[in-house]
Amino acid sequence: MNENFEDREEVLATVRRFEDMVDRNEPVFFDLADFENIIDHYTSNTQYDRALQACEAAITQYPFSTELLIDRSQVLAMKGEYAAASTQIEDVAHLDPTNPDVAVTRGIIATQKGDFAEAVAFFLQALETTEDRDDIFFNLGLAYQSWQKYKSAAKYYKQSLRLSLDNDVAVQELLYCLEVSGRLESNLDFFRRFTDDDPYSALAWFNLGQAEYRAGHFDAAISAFEYAILIDAQYYDAHGYLASCYVSIERYRAAITEFELSYAEGIPTPEALCNIGECHEKLAEWDLARRFYQKAIDLDATMDEAWFGIGIIMQAQEKYFEAIHFFRKAVGLYDESVEYWLALAAAEYQIGNLTSAVEAYEKATETGPDNKDGWLNWSILLYEQGNFDGAIDLMRTALEISPVEAELHYRLCAYLLAAGRYREAYQTLESALTLDFDKHRLLFDYFPELESQQALARLIDQYRK
């Protein structure tokens, strides 16, 4: 059995017992270590109200524990209650002035407030009294990352991982910083070094697999995850990532097999079931896809991806009324997805609900103004209704946001031609050809009748290399 999985299950069991006791209004008694695990669980999942509730219960039982008072201060900071957090940590400093966690907590409060230089100073102060603290390096990484100094953040995340390789949050944040700064490829050796030092460490291979996966090296990632699973056959997260690799290279049958191994036997997760459903969807196995999406919803009714997946199946089968129902459920659960709004708009359009389609396109462009598909799809609706001026205005708005997107220029050119505004159309076409000559075929793909216009052909030939 995967040791990390066993530990997580033990913590989750403790959390469930704590919640049951609170719900039944029973006295709450736990070991100090159990309380620490409960608080860590809630903070890791950004459930700060629950975390504070656990802190209060723990302090009632262990009123002289400076560790719990420090936890309470940090949770208050994460909730944005900076004054209360500062008062709490200063009380601890008065009781235990040499405790390095005082400086760490002051740093966390400063990070949450956006005082990043001050936060870094506090964390460095903490390192002066205790050097081998992976959490201090981790918090330095978070401070620099929030400061958008990604190179420095990566440096400290690495320091944290050298001391404690099992901090998955540090791995994810490090990979993010390396990606944002364009340095992921050149830092893969950092992850390979761990497998060289300990080739029997499933965790080292798993972390390397994550790095290779994020770099787009799917074959290398597959090999790394397979090594992790060879060492620990029940490494569920490795099975899940291996499945994602197979999805990326469109090996959906293999992905299904691995997703089925990504959870303990008989205890499927809604995420795994939803992913299996998506694989069946990609294989056009509609009944199986819907069955697994529904199983995911049965386990977690807030699984917006599963509601959306069933909508996609209904749309593929041209059952647009049913599709609209599921797309609306998806956007109701997560209204920040451009993809969801676009799918809803398309389904509404298919059944002639033009007003609802326009409303969905408006939402799509508000949610993702730099996503060209929302503007393009909305504009074609207006164009097909003969509203050329409205389509032109939409394209001009889109170009204010994304002025170097050639496809928008080409589409604007087509609408201007349709409106008989030839001079503006040719000026727009020149801009489009300058940005991306090869995309001029889009004009004729969308509007094949334009191919017969000799003036267009001559202008395009002038830019042909």
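Thresholds applied
- Along each chain, numbering runs from 1 in the same order as the chain's sequence is written.
- Totals for whole chains, interfaces and linings use all residues, but because this is a predicted model, local features are given only for residues with pLDDT of at least 70 and pairs of side-chain atoms are given and counted only at 80 or more.
- Water and hydrogen atoms play no part in the side-chain values, which are based on all heavy atoms of the structure.
- Angles shown run from 0 to 180 degrees and are taken between the N-to-C directions of axes, each axis being a line fitted to C-alpha atoms and, for helices, limited to the stretch in contact.
- What counts as a helix is a DSSP run of H or I of at least four residues, what counts as a strand is a run of E of at least two, and both are numbered from the N terminus.
- Roughly parallel means an angle under 35 degrees; roughly antiparallel, over 145; roughly perpendicular, 65 to 115; everything else is oblique.
- Here is the rule for handedness: rotate from the far helix to the near one, and if that takes an anticlockwise turn smaller than a right angle the crossing is left-handed, while a clockwise turn gives right-handed.
- Contacts between residues were defined by any pair of non-hydrogen atoms, one from each residue, lying within 4.5 Å.
- Note on ring pairs: Phe, Tyr and Trp rings are taken, using the six-membered ring of Trp, and paired if centres are within 6.5 Å. Classes follow the plane angle, with under 30 degrees stacked, over 60 edge-to-face and the rest tilted.
- Buried, partly exposed and exposed residues are distinguished by accessible area as a fraction of the type maximum, computed with a 1.4 Å probe on protein chains only: under 20%, between the cut-offs, and over 50%, respectively.
- In this scheme, Lys NZ or Arg CZ marks a charge over a ring once it lies within 6 Å of the ring centre and within 35 degrees of the ring normal.
- UniProt positions are given in the numbering used here, feature names are shortened, and annotations may be inferred rather than shown by experiment.

As recorded in an unreviewed UniProt entry, the protein goes by the name Tetratricopeptide repeat protein, listed as coming from Hymenobacter terrestris.

Chemist: I'd like a description of the packing of helix H14 (residues 236-248) against helix H15 (residues 252-260), backed by residues and values.
Modeler: Between two packed helices, both the angle of their axes relative to each other and the distance between the axes serve to describe the pair. As a packed pair, H14 and H15 sit with axes 8 Å apart at the nearest point and diverge in direction by 170 degrees. Classified by the angle their axes make, H14 and H15 are roughly antiparallel. Remark: the crossing between H14 and H15 carries left-handed chirality. Mapping the contact onto sequence places His-239, Gly-240, Leu-242, Ala-243, Ser-244, Tyr-246 and Val-247 in H14 and Tyr-252, Ala-254, Ala-255, Glu-258 and Phe-259 in H15.

Chemist: Describe the packing of aromatic side chains, naming the residues involved and giving the relevant values.
Modeler: In this description, a pair of aromatic rings is defined by centroid distance and the angle of the planes. If you walk through the whole model with that rule in mind, you get 26 aromatic pairs. Ring geometry for Phe-138 versus Tyr-157: centroids 5.8 Å apart, planes at 50 degrees, classification tilted. Of this pair, Phe-138 sits in helix H8 (residues 134-146) while Tyr-157 sits in helix H9 (residues 150-163), and the two are 19 residues apart along the sequence. Pairing Tyr-150 with Tyr-176 gives two aromatic rings, centres 6.2 Å apart and planes at 80 degrees, and the pair type is edge-to-face. Of this pair, Tyr-150 sits in helix H9 while Tyr-176 sits in helix H10 (residues 168-180), and the two are 26 residues apart along the sequence. We classify Tyr-150 as buried; its relative accessible area is 17%. The side chain of Lys-295 reaches across the aromatic face of Phe-292, ending 4.8 Å from its centre.

Chemist: Residue-level account of the UniProt feature "repeat: TPR" (unreviewed entry) in the protein, with values.
Modeler: Here, the residues flagged by UniProt with the feature "repeat: TPR" (unreviewed entry) are residues 100-133, 134-167, 202-235, 270-303, 304-337, 338-371 and 372-405. Taken end to end, residues 202-235 comprises 79% helix and 0% strand; its first and last C-alpha atoms sit 8 Å apart. Overall, residues 270-303 shows 79% helix and 0% strand. The separation of its end C-alpha atoms is 8 Å.

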